[in-house]
Amino acid sequence: MRILLYNPDNGVTRNFMPHLWMFLLQALTPEGHEVVLIDGNAQPMDEAGIARFVREQNIGLVGIGAMTRMIAKAYRMADAIRAVGVPVVMGGPHVTEEADEALGRNGGPRHADAVALGEADETWPKIVEDAARGQLKDVYSPVDDFGQERKPSLKEYPAIPWDKINLDQFNLVPKMVKRTLQRISDGWGTFRIIPMESGRGCPYGCEFCTVTGFFGDSIRFRTNESVVNELLLLKARAKSEGGQIAVFFIDDNFAINIKRTKSLLRDIIAAGAQVHWVAQISANLLRDEELVDLIAASGGKWVFIGMESIDPTNLADVNKGFNKPGEYAAVLQRLAQRNVYAITSFIFGMDNDTVGVAERTLKEIRTWPAGLPIFGLLTPLPATPLYKRLEAAGRLTRPKHWQEFIPFEMAHTPLKMTIAEAHAEVKAGWATAYSPEAMAQAVDSLKDKPLGYRINIFIARMCFRGIYFPQMGPLSWLKLIYQNRRTISSLVKEGFSTWRGRPTNPVANGNLQTGVGAT
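Residues numbered from 1 in each chain as written. Predicted model: local features only at pLDDT ≥ 70, side-chain atom pairs only at ≥ 80, totals over all residues. Heavy atoms only, no water.

(A) Quick peek at helix α9 (residues 224-241). Here α9 contains 18 residues, and its C-alpha end-to-end distance of 26 Å stays within 8% of the 26 Å for a straight helix at 1.5 Å per residue. For α9, every residue scored as buried is listed here: Asn224, Ser226, Val227, Val228, Glu230, Leu231, Leu234, Arg237 and Ala238. Residues of α9 that are buried sit in contact with β7 (191-196), β10 (244-249) and α10 (258-270). Where α9 ends, the next residue or the one after it, Gly242, has phi of about 65 degrees, a positive value. (Helix = DSSP H or I, 4+ residues; strand = E, 2+ residues; numbered from the N terminus. Expected span 1.5 Å × (residues − 1). Buried < 20%, exposed > 50% of the residue type's maximum accessible area, 1.4 Å probe, protein only. Contact = heavy atoms within 4.5 Å.)

(B) Molecular detail of the nonpolar core. Of all hydrophobic cores here, the largest spans 110 residues; its most connected members are Trp124, Leu231, Phe249, Ile281, Leu286, Ile305 and Phe375. Excluding residues that lie within four positions of it along the chain, Ile305 makes contacts with Ile281, Ala283, Leu286, Val331, Leu332, Leu335, Ala342, Ile343, Thr344 and Ser345. (Core = buried A, V, L, I, M, F, W, Y, C linked by side-chain atoms within 4.5 Å.)

(C) The arrangement of the pairing of strand β13 (residues 341-348) in detail. Of all eight residues in β13, eight are buried, a share of seventy percent or more. Residue alternation in β13 divides its side chains into two sets, Tyr341, Ile343, Ser345 and Ile347 and Ala342, Thr344, Phe346 and Phe348, and both sets are buried. As judged from the six bridges shared by β13 and strand β14 (residues 372-377), these two strands associate in the parallel manner. Considered in β14, the bridge of Thr344 is made with Pro373. Tracing the backbone out of β13, into helix α14 (residues 357-365) and back to the parallel element β14 gives a crossover that is right-handed. (Pairing = 2+ DSSP bridges. Right-handed = clockwise from strand over helix to strand, strands pointing away.)

(D) Representation of the pattern of salt bridges in the model. All chains considered together, the criterion is met by 34 salt bridges. Between Arg82 and Asp113 there is a salt bridge; the shortest N-O distance is 3.0 Å. Separated by 31 residues along the polypeptide, Arg82 in helix α3 (residues 71-83) and Asp113 in the loop between α5 (99-103) and β5 (114-116) bring together distant segments of the chain. For Arg222, the salt bridge is made with Glu230, and the minimal N-O distance between the two is 2.6 Å. Taken together, the salt bridges that share partners define one network made up of Glu119, Asp121, Glu149, Lys151, Glu197, Arg200 and Arg220. (Salt bridge = Lys/Arg side-chain N within 4 Å of Asp/Glu carboxyl O.)

(E) Seen up close, the pairing of strand β12 (residues 300-308). Of all nine residues in β12, eight are buried, a share of seventy percent or more. Summarising the sheet, strand β11 (residues 276-280) and β12 pair through four bridges and their orientation is parallel. Each residue of the ladder has a partner; that of Trp277, found in β12, is Gly300. Between the parallel elements β11 and β12, the chain passes through helix α11 (residues 289-297) in a crossover that is right-handed. In this structure, β12 lies alongside β13, joined through six bridges in parallel fashion. When the bridges of β13 are listed, Ile305 appears paired with Thr344.

(F) Representation of a nonpolar patch on the surface in the model. Nonpolar side chains collect at one region of the surface, where Leu475, Leu478 and Ile481 lie side by side and expose about 320 Å² of accessible area between them. For Leu478, a relative accessible area of 53% puts it in the exposed group. (Patch = residues over 30% accessible without salt bridge, like charges linked within 9 Å, V, L, I, M, F, W, Y side chains within 5 Å. Areas by Shrake-Rupley, 256 points an atom, 1.4 Å probe, with all protein chains shown as cover.)

(G) View of the packing of α14 against helix α16 (residues 419-433). Taken N-terminus to C-terminus, the directions of α14 and α16 make an angle of 35 degrees; their axes are 8 Å apart at the nearest point. The two elements α14 and α16 cross, and the hand of that crossing is right-handed. Where α14 approaches α16, its residues Val357, Ala358, Glu359 and Leu362 are matched on the opposing element by Glu425, Ala428, Gly429, Thr432 and Ala433. Considered class by class, the residues forming the contact of α14 with α16 number five nonpolar, two polar and two charged. (Axes fitted to C-alpha atoms, helices over the stretch in contact; angles between N-to-C directions. Left-handed = near helix turned anticlockwise from the far one by under 90°. Nonpolar A, V, L, I, M, F, W, Y, C, P; charged D, E, K, R; others polar.)

(H) Examining the packing of helix α2 (residues 47-56) against α3 more closely. It is at 8 Å that the axes of α2 and α3 come closest, and there the two elements cross at 40 degrees. One element, α2, and the other, α3, form an angle in the oblique class. Crossing of α2 over α3 shows right-handed handedness. Residues Glu47, Ile50, Ala51 and Val54 of α2 form the contact with α3, whose participating residues are Arg76, Met77, Ala80 and Ile81. Its residues placed into classes, the contact of α2 with α3 shows six nonpolar, no polar and two charged. (Parallel < 35°, antiparallel > 145°, perpendicular 65-115°, else oblique.)

(I) Looking closely at the side chain of Asp311. As for its placement among the helices and strands, Asp311 is situated in the loop between β12 and α12 (312-317). For the buried residue Asp311, which engages in no salt bridge, the nearest side chain bearing the opposite charge is Arg360, 6.9 Å off. From its side chain, Asp311 meets the backbone nitrogen of Thr313 in a polar contact 2.8 Å long. Ignoring any residue separated from it by four or fewer positions in sequence, one finds Asp311 in contact with Pro325 and Asn352. (Lys, Arg positive; Asp, Glu negative; His and termini not counted. Polar contact = N/O pair within 3.5 Å; in protein donor to acceptor, adjacent residues only side chain to side chain.)

(J) The arrangement of unusual backbone geometry in detail. Backbone geometry places Asn319, a non-glycine residue, at a positive phi of 65 degrees. If you trace the backbone, Asn319 turns up in the loop between α12 and α13 (328-336). Assessed through its relative accessible area of 43%, Asn319 is described here as partly exposed. Within the chain, Asn339 stands out as a residue other than glycine whose phi angle is a positive 60 degrees.

Here you go:
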C-alpha cells in the first residue's frame, strides 16, 4: 500500500523547517508499505491538487497531522481526499482534543475515517495494518491493558534514515543561486533545518499551552547515544552533498533536566557531532553558566525563549511566574557573550496589558543584545486551562475560532484593552522591531563581531519579518531589499573588502554563522 503523510501549510508564511511527525511515522511504518511525504509549506497544494495526486499516485491511505491554526485547511484537504474514495486518518493535539469534530459526531461534517489520539508511536503500525485490510476503526488510543493512557518510552527510538530520505523539497537555498553557492568552499548548494527531539513533556503547565495536556508533565528522554548518532548521520549527509544543515530541537523545553542536558551536550562534543542548532529553553534554566558554555561548545546558535511578557502580573496569571522579567537582560547577555542569540516570544492581549504594551516591551528589547523578537496575541486553544477559564467567564468572542483561521485575530475580549487595540499593539511591535532602522541597529550592534554574525542577524530578521508581514513573492522581496538597501550595501562592501584581503573564503574560515534565519 502507498501511504501519503501530509502536513498542511498555515496559509500565512512558509515554515522554515518540515514537521518531525512525518519522518517519525515513516520510520515506524511496517515493512511492505511505501510512504510519500508532502509538507504544504514546501509543496503548496489546493484541494483539487491533492485529490489528483492521490488518484494518480495510487495512494491507499492518507495521514494528516495539523496544529489548531492549520486545522481548517487540514479538514478541507481531508474532505477532498475522502471524496475520491481514499481513507484519511487524522492526528495531533487539535484532533486529540476535538476528535468528535473530526469524526462528525458534534453535528458537523465528518472529515476523517479515523483519528489517532495522543502520541501515535505505538498506534500507527496498527492503523496501517487495519487500513491495508480495509478495517479502520474510528478511534485509536495509546492505552495499556487497564485502559489507561500510555506514553511511549523514547529509549527505543526509531532510527530515522536521514541518509536515504528525499529532502529536496526542504532545501532552503533558492534555485537561482544554488549552482553558484555550491562552488563556495564548504558548499552552500543545500541548506536545511531538520527537526529533532531529544525528549518529550513539560511539567510547567502554562495556562495557554497544549504541551502538558498532550505530552504529559513527566519528561521522557531518548538515550544520548541515539541523539548523537542521528546528529552524526545528518552531519555526514550534509558533507556528502556539499551542503549545510542545522537542527532544531523541538523538545518543549530542551534543558528541563539540566543534569541530563549537560550530559547530552558533553557527549555531542566528545563525538564531534556538533552541528549548528536551535532549541527552546526557558529563561530560568539559562542562569546556569556551565549549561550556556556547553550550549555554545556543542553548536548552539539560537535559543527560543518564551518570555511572553515583561509584566510579572501577566506571567502569574497564566501560571508562568517562574519567568522573572528582571532577569531577562542578564540571560540574553550571558548567551550573547558566547555568540548565542535569542528568539524572544511575546504575547499581547493578556489580562494586565494596556495600550502602549508594545512600546513598553520594545523599550526593554532595545536594551538587550540583538535577537529576533516575535509578537503574538493570547489565543485560547481548545481544552487548555485558558480556554476553559475564558469560556466560563463568557469572554470568548469566537469559540470555534479554528474553523475560520484568521492570523493575528483575537478570539476573546481582553480585560484592559479592546480587541482592536490589542491588534494594533501587535502590529506596532512587528512594524517597529523590523523596520529598516531597527534592522540597521541590530546589525550595527554586532560591529565588534566577525562579518558573518552581522550577515546572519540581518538575514534572520529579514525572514522573521515575514511571520507578520507576508513576503511570499519576488516583488515583496524586492521591495524589502530596497527598503534595507543601505544596510545591504554596507554588508556587501565589507564582504568584498574582507574577501580581497584573505587567501580563502570567509565561509571556509568559519565566520559565516548559520542559524534559523533561512525560511
